[in-house]
Amino acid sequence: MAAMKVFWLITLLVVAEEAMAGVFWETKDKATERLQIIPPSEETAKKMELFLFERPSFRLVKRSIKRPEDVLFIIDSSKSVPEANFTRGIRALQNLVTKFRPNTKFAAILFSTKAKVMFKFVSPQKAVKNLAGIRYHSGFTNTQAALRKAGRLFASKKSGARGYASKRIFILSDGQSNIKKQNTLYLAYLLKDMGVEVFVMAVGQRIEGINELAMVATSTDKHLYRVGQMEEFIKVVNEIPNDPSYDKFNSRR
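These numbers were taken from a predicted model, which means no experiment stands behind them. (Residues numbered from 1 in each chain as written. Predicted model: local features only at pLDDT ≥ 70, side-chain atom pairs only at ≥ 80, totals over all residues. Heavy atoms only, no water.)

## A look at the overall build of the protein chain
What counts here: Helical segments are the DSSP runs of H or I of at least four residues, strand segments are the runs of E of at least two, and each set is numbered from the N terminus. Whether a residue is buried, partly exposed or exposed follows from its accessible area with a 1.4 Å probe, protein chains only, as a fraction of its type maximum: under 20%, in between, or over 50%, in that order. A contact between two residues is defined here by any heavy atoms of the two lying within 4.5 Å. Note on areas: these come from Shrake-Rupley sampling with a 1.4 Å probe, and a residue is covered only by the protein chains present in the view.
Helices and strands together make up the secondary structure of the protein chain, namely eleven helices and six strands. Per-residue burial for the protein chain yields a buried fraction of 49% across its 253 residues. A separation of at least 24 residues holds for 79% of the contacts in the protein chain among residues at least 6 apart in sequence. Accessible surface, the protein chain as shown: approximately 12,600 Å² in total, 58% of it carbon and sulfur.

## Observations regarding the pairing of strand β5 (residues 196-203)
Each regular strand displays side chains that alternate between the two surfaces of the sheet. This is how the line gets drawn: A pair of strands is considered paired only if DSSP assigns at least 2 bridges between the two. With the strands pointing away from the viewer, any crossover whose connection runs clockwise from the first strand over the helix to the second is right-handed.
Burial within β5 is extensive, with seven of its eight residues counted as buried. Bridge count for strand β4 (residues 166-173) against β5 is seven bridges, and the pairing is parallel. Following the sheet pairing, arginine 168 is matched in β5 by glutamate 197. This β-α-β element, β4 to helix α8 (residues 184-193) to β5, shows right-handed connectivity. Between β5 and its parallel partner strand β6 (residues 224-227), the chain crosses via helix α9 (residues 210-216), and the hand of that crossover is right-handed.

## With respect to the packing of helix α7 (residues 143-155) against α8
Cut-off, in case you're wondering: Interaxial angle, 0 to 180 degrees, is taken between N-to-C directions of lines fitted to C-alpha atoms, where a helix line uses only the stretch in contact. By definition in this entry, angles of less than 35 degrees are roughly parallel, angles greater than 145 are roughly antiparallel, angles of 65 to 115 are roughly perpendicular, and the rest are oblique. We call a crossing left-handed when the near helix sits turned anticlockwise from the far one by less than a right angle, and right-handed when that turn is clockwise.
Direction vectors running N to C along α7 and α8 enclose 20°, while the axes themselves pass 9 Å from each other. Relative to α8, the element α7 is oriented roughly parallel. As α7 packs across α8, the resulting crossing turns out to be left-handed. The residues of α8 that touch α7, namely those facing Thr143, Gln144, Leu147, Arg148, Ala150 and Gly151, are Thr184, Leu187, Ala188 and Leu191.

## As for unusual backbone geometry
Look at glutamate 54: it is not a glycine, yet its phi comes out positive at around 55°. For glutamate 54, the location among the structural elements is in the loop between α3 (41-51) and α4 (58-66). For glutamate 54, a relative accessible area of 9% puts it in the buried group. Of note, lysine 180 is a non-glycine position whose phi angle comes to about 50°, a positive value.

## A few points about the sheet that holds strand β3 (residues 115-122)
As summarised here, the arrangement of the six strands in space is β3-β2-β1-β4-β5-β6, forming an open sheet in which the pairing is mixed. Each end of this open sheet is capped by a strand with a single partner; those strands are β3 and β6. Each adjacent strand pair in this sheet contributes to an overall mean axis angle of 15°, direction not counted. α7 rests against β1 (69-76), β2 (105-111), β3, β4 and β5 of the sheet, and its axis sits at about 30° to β3.

## Some details on the packing of aromatic side chains
Our working rule: By convention, a stacked pair of Phe, Tyr or Trp rings (six-membered ring in the case of Trp) has centres within 6.5 Å and planes under 30 degrees apart, an edge-to-face pair has planes over 60 apart, and any other such pair is tilted. Note on criteria: charge over ring means Lys NZ or Arg CZ within 6 Å of the ring centre, with the direction from the centre no more than 35 degrees off the ring normal.
With the rule as written, the count across this model stands at eight aromatic pairs. Grouping aromatic residues by their ring pairs yields a cluster made of Phe53, Phe73, Phe100, Phe106, Phe170 and Phe233. When the ring centre of phenylalanine 53 is taken as reference, the NZ or CZ atom of arginine 55 above it lies at 5.0 Å.

## With respect to the pattern of salt bridges
Under the convention used in this document: The salt bridge criterion pairs a side-chain nitrogen of Lys or Arg with a carboxyl oxygen of Asp or Glu, the two atoms within 4 Å.
Summed over the entire model, instances satisfying the criterion amount to seven salt bridges. The salt bridge involving arginine 55 is made with glutamate 49; its shortest N-O contact spans 3.6 Å. On the accessibility criterion, glutamate 49 (16% relative accessible area) is buried. Arginine 168 is the partner of glutamate 69 in a salt bridge, and the nearest nitrogen-oxygen pair spans 3.9 Å. Note that glutamate 69 is positioned in strand β1 and arginine 168 in strand β4, a separation of 99 residues in sequence.

Take a look at the structure:
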């Protein structure tokens, strides 16, 4: 088992290095610099609307009606994230909930030195309330522990996760892991192998370890988003329209 893990980890690193280098014709340094670029908020909002919410394509919208979504927020609370920014991030995630369809279920994991499941899969209304109760907990950056708990949460019959639902993770973080970091990409691979799509919101003007966040995401062109600070994340989310069916749902309540 250990040998197999090492084999897959080496394979992942080789493939990732090639991907980060633009598959042979872009140097790693140039690829890293490209990932540091922060697009205008309108562009990021459109990108999220296109790929995170899958709204423009009739085919994808039709599929999402048949398969509701289970969305897991993984929230970085390490010491590199100031408490005020953490609070802004929570507020942005509360708003993000309203952009999904009303049949979506949400869960959340908080991580710093350790990772903790803050709440299991619940309705949008309960998710907004539960997010408000999450408090800042400074520490190191143990991303791999959060990813490990994510796999268990999706696999558990007691977590509220639905076997027929599309599985998605949305990671809010400002940098690379520094605890057992050799496990981070391997555990991200295992989640993707389970059919989980991994989206990453990378926060910071220049992020040390942006390559790791990029490789954790399912792809860099559709699943990796960049903002310079949490205020910009709030702005991006505000520019995404609420799901129309969510507004209708609220009007009937």
